[in-house]
Structure formats: C-alpha cells, structure tokens
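Fold and contact review
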Amino acid sequence: MTSVRDRKLADARKKNDNYTCQSCNNQYFVNNKYIIDCHHLNPINLGKRKTKIEDLISLCPTCHRIAHTRVPPYSLRELREIMEKHA
C-alpha cells in the first residue's frame with residue numbers, strides 16, 4: 001500500500017462532487033478553471049494505505065485551510081457547523 005497522492009483519483013472525486021465544496025456548497029470557476037481542493041477525510045500522514053474515492057471530499061480552498069487549522073483536521077460535520085456560524 002502507498003500514501004502517494006493519486007491525481008486521477010482526486011480529479012474523479014472533484015467531478016463526483018460537481019466541483020463544489022462539500023462544506024460551504026460554494027463553487028468557484030475562474031479563468032475557465034474550477035478552484036477546488038481534494039481533502040483526505042483521514043489524514044494521509046496517519047500511515048500508508050490505499051486511498052479510495054470514499055476517503056476524499058472536495059473543499060474550497062478556504063474550507064480546506066480551516067480544516068487543517070487543528071490536528072486532527074476538523075471533520076466535515078464540524079466544518080459545516082463552523083461555516084453556518086459565519087454565514
């Protein structure tokens with residue numbers, strides 16, 4: 001097993017999520033490109049493993065950065081709660 005990031009898997013996750021943040025539901029399309037990150041629900045640094053598409057979610061850069069402001073990262077539920085408070 002490997003912890004190497006797989007671009008094709010990340011691209012598939014983003015497409016499945018319609019290039020939309022799963023936390024705040026925003027979608028950014030700038031200069032003919034979607035601005036979206038792929039986030040590991042369980043941090044990749046927790047050990048070597050084979051990442052599956054279900055292990056990933058799409059987050060906008062802001063939500064992705066917020067997720068990583070603590071260790072372990074905020075869960076999707078926690079991110080949604082944070083974003084609701086600041087909406």
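The following refers to the structure shown. Note that the coordinates shown come from a computational prediction; the quantities given were computed from them, not determined experimentally. (Residues numbered from 1 in each chain as written. Predicted model: local features only at pLDDT ≥ 70, side-chain atom pairs only at ≥ 80, totals over all residues. Heavy atoms only, no water.)

The topology assignment puts threonine 51 in the loop between strand E3 (37-40) and strand E4 (56-59). Filtering out sequence-adjacent residues up to four positions away, threonine 51 remains in contact with Leu9, His40 and Leu56. (Helix = DSSP H or I, 4+ residues; strand = E, 2+ residues; numbered from the N terminus. Contact = heavy atoms within 4.5 Å.)

What follows covers the packing of aromatic side chains. In total, this model carries 2 aromatic pairs according to the counting rule given. Ring centres of tyrosine 19 and tyrosine 34 lie 4.3 Å apart, and the angle between their planes is 10°; on these two criteria the pair is classed as stacked. In this pair, tyrosine 19 is assigned in the loop between helix H1 (7-16) and strand E1 (29-30) and tyrosine 34 in strand E2 (residues 33-34), connecting sequence segments 15 residues apart. For tyrosine 19, a relative accessible area of 23% corresponds to the partly exposed category. Taken together, the ring pairs connect Tyr19, Phe29 and Tyr34 into an aromatic cluster. (Phe/Tyr/Trp six-rings, centres within 6.5 Å; stacked < 30°, edge-to-face > 60°. Buried < 20%, exposed > 50% of the residue type's maximum accessible area, 1.4 Å probe, protein only.)

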